[in-house]
Amino acid sequence: MNFHILTLFPEMVEAGLNTSILKRAIEGGFITIKATDIRDYTLDKHKKVDDYPYGGGAGMLMQAQPVFDAYKALEKNMDNRKPRVLFMTPQGRRFDQKFAEELSKEEDLIFLCGHYEGIDERVIEEIVTDEVSLGDFVLTGGELASMVMIDCISRLVPGVLGSEESAVDESFSDGLLEYPQYTRPEEWMGKRVPDVLLSGNHKEIAKWRTAKALERTKEKRPDMYKDMTDKLDTFKSQNPKKFRKKRSLEEDLMKMRELTAQMSEETKENEE
Ligand code: ADE
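Reading guide: rules and limits
Residues numbered from 1 in each chain as written. Predicted model: local features only at pLDDT ≥ 70, side-chain atom pairs only at ≥ 80, totals over all residues. Near = placed C-beta within 6 Å. Helix = DSSP H or I, 4+ residues; strand = E, 2+ residues; numbered from the N terminus. Nonpolar A, V, L, I, M, F, W, Y, C, P; charged D, E, K, R; others polar. Core = buried A, V, L, I, M, F, W, Y, C linked by C-beta atoms within 7 Å. Buried ≥ 20, exposed ≤ 12 C-beta atoms within 10 Å, placed from the backbone. Contact = placed C-beta atoms within 7 Å. Pairing = 2+ DSSP bridges. Right-handed = clockwise from strand over helix to strand, strands pointing away.

### Regarding the site of the ligand
Taken together, M88, T89, P90, S133, L134, G135, F137, V138, L139, G142 and A145 make up the full set of residues adjacent to the ligand. Take the shell around the ligand: its biggest share by element is three residues, from strand β5 (residues 84-94). Classifying every residue of the shell around the ligand by side-chain character gives seven nonpolar, four polar and no charged.

Structure (structure tokens):
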């Protein structure tokens, strides 16, 4: 996956993303991250890239020409590929894990980062395919937003996380929050690690973790909890024979996971 960022602050984006897991992913050849300085494309002799808005109003706007030329220079090196161009703006579609999964399937993504009061509308119309927002708040520019998105999308690209790390992902894709985790020592400030985690009984540990994930999701994200229980109910009604036995909610959920994994394994085998 290749991430291209059109920005007035290339060093901010590159420095921020070339660390830790993403640094390892770049070195391993799983992703590339390249920032293009929009200012390099201005035709203005003073290197100006912004101007006052027609009709008046506060602040300055990024001009269309340098943004467009920076984009065209990128496009020229992409032999006929037409990548999605994401414009970071509070007006856009809300970014979430599902959207990240969709974007992680692309070969190239271009992030257009606005600064100042925004960008001339004409170039947005000309090149942008998706407007994306991180949430209902306003940032000073799109750089931080694109960094958040690139971090999140990268960890979904095969190879970026080691196999141990990627297992952790399962719980979110299930639509549940993470269960609580503990490391040494067994007792800290009078608080003991739950006995079940020291028991070595993997089945009981998995059951406990699922129960805790459910408990947390119900308390902190009732909306997600409802989606999950609805999904489980639908699944049970579609596979009644597999759910005749009376089980607890966490056992039902584990059964659904097991059956879904089996089904996708069978589909894979049939495709081969
Ligand atoms: N740029 C400014 N505010 C933003 C937001 N909330 N999300 C994405 N990009 C932005």
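### Here we look at the nonpolar core
Grouped together as the largest cluster of nonpolar side chains are 39 residues, with contacts concentrated most on L6, V67, L86, F111 and L112. With five residues, helix α6 (residues 143-154) is the single largest residue contributor to this core. Setting aside chain neighbours within four positions, we find L6 in contact with T36, I38, V67, A70, Y71, I110, F111, L112 and C113. With five residues, the next largest nonpolar core counts L176, L177, A213 and L214 among its residues.

### Remarks on the pairing of strand β6 (residues 108-112)
Within β6, four of the five residues are buried, which leaves it mostly tucked inside the rest of the structure. Bridge count for strand β1 (residues 2-7) against β6 is five bridges, and the pairing is parallel. Each bridged residue has a counterpart across the sheet, and for I5 the counterpart in β6 is F111. Note that β5 and β6 share four bridges and pair parallel. Its bridge partner being in β6, R84 is matched across the sheet by L109. Where the polypeptide runs from β5 across helix α4 (residues 97-103) and back to β6, its parallel neighbour, the crossover connection is right-handed.

### With respect to the environment of M149
Turning to its location among the elements, M149 is positioned in helix α6. Overall, the presence of 22 C-beta atoms within 10 Å leaves M149 in the buried class. Residues M149 and D96, 53 residues apart in the sequence, show an inter-C-alpha distance of 9.2 Å. Excluding residues within four positions of it along the chain, M149 makes contact with F95 and V132.

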